[in-house]
Amino acid sequence: MCAAVGALVLAAPGCGVLSPGSNGQTSDDITVTSTMIREGEAIPARFTCKGEGVSPPLRWSGLPDETESLAIIVDDPESVGGAAVHWVLYGLDPENPELPEGTVPQNGKQGQNSKEQAAYDPPCPSGDTAHEFRFTVYALKADIALPDGAPLDQALGAVASNTLARGRLIATGGR
């Protein structure tokens, strides 16, 4: 299963685990920020397995006018054994420009992560290898018609096939 997910994650156009610009049809126009995470700096312990393990607060702007829904994918493309998806959240209202710390909005749904759990799996930075933890917000052209707990491959595929634009905040860990 892990190998199949890793292959899907690397191949799916528009997914958070791809490098910017890998899908020529997806713009990187969304600006993603956080009051607790700074671009390119170490992820605070609070949001990792070494702290409370809660999801960080995120804010975004620059959504295309035709955005019908939002999704967030948190991943580590350099995880041991291949890319790891820590969180898949979809069904977010584009009228709300933020996600408070440790929350899933009432209308939000969580797909399974790489550990087959429908939850935020806090990154666990350790070792001598530096990791990037990517918090990617996707503007979608339609709401994703999947239930809470959808399998990772289905959730990533649905996000990829509906992506209009994306934006990313990258934190580091390890080393």
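Heads up: the structure comes first, above all this text.
Predicted model, so just to flag it, every value in this text is computed and none were measured. (Residues numbered from 1 in each chain as written. Predicted model: local features only at pLDDT ≥ 70, side-chain atom pairs only at ≥ 80, totals over all residues. Heavy atoms only, no water.)

K.L.:
Can you explain the overall build of the protein chain? Please cite residues and give values.
P.N.:
Across its full length, the protein chain holds 2 helices and 8 strands. In the protein chain, the succession of α and β elements from N to C terminus is α-β-β-β-β-β-β-β-α-β. By sequence separation, contacts in the protein chain at least 24 residues apart represent 71% of the contacts at least 6 residues apart. Accessible surface for the protein chain amounts to roughly 8000 Å². Of this, 49% is attributable to carbon and sulfur atoms. (Helix = DSSP H or I, 4+ residues; strand = E, 2+ residues; numbered from the N terminus. Contact = heavy atoms within 4.5 Å. Areas by Shrake-Rupley, 256 points an atom, 1.4 Å probe, with all protein chains shown as cover.)

K.L.:
Which residues make up the sheet that holds strand β5 (residues 98-99), and what are the values?
P.N.:
On the basis of which strands lie adjacent, the open sheet formed by 3 strands has the order β1-β2-β5 and antiparallel pairing. Looking at strand neighbours, the two that pair on one side only are β1 (31-33) and β5, the edges of this open sheet. Pairing of β1 with strand β2 (residues 58-61), which is carried by 3 bridges, proceeds in the antiparallel orientation. Across the sheet, residue Thr33 finds its bridge partner in β2, namely Arg59. (Pairing = 2+ DSSP bridges.)

K.L.:
I'd like to hear about the state of the cysteines, residue by residue, with values.
P.N.:
Using the criterion set out here, one finds 1 disulfide in the structure. Each sulfur of the disulfide joining Cys49 and Cys124 lies 1.9 Å from the other. On the sign convention where negative is left-handed, the bridge of Cys49 and Cys124, at about 70° about the S-S bond, is right-handed. Linking Cys49 in the loop between β1 and β2 with Cys124 in the loop between β6 (109-111) and β7 (131-140), this pair joins segments that are 75 residues apart in sequence. Cys49 gets classed as partly exposed once you look at its relative accessible area, which sits at 35%. You can call Cys124 partly exposed: its relative accessible area is 47%. (Disulfide = S-S within 2.5 Å. Buried < 20%, exposed > 50% of the residue type's maximum accessible area, 1.4 Å probe, protein only.)

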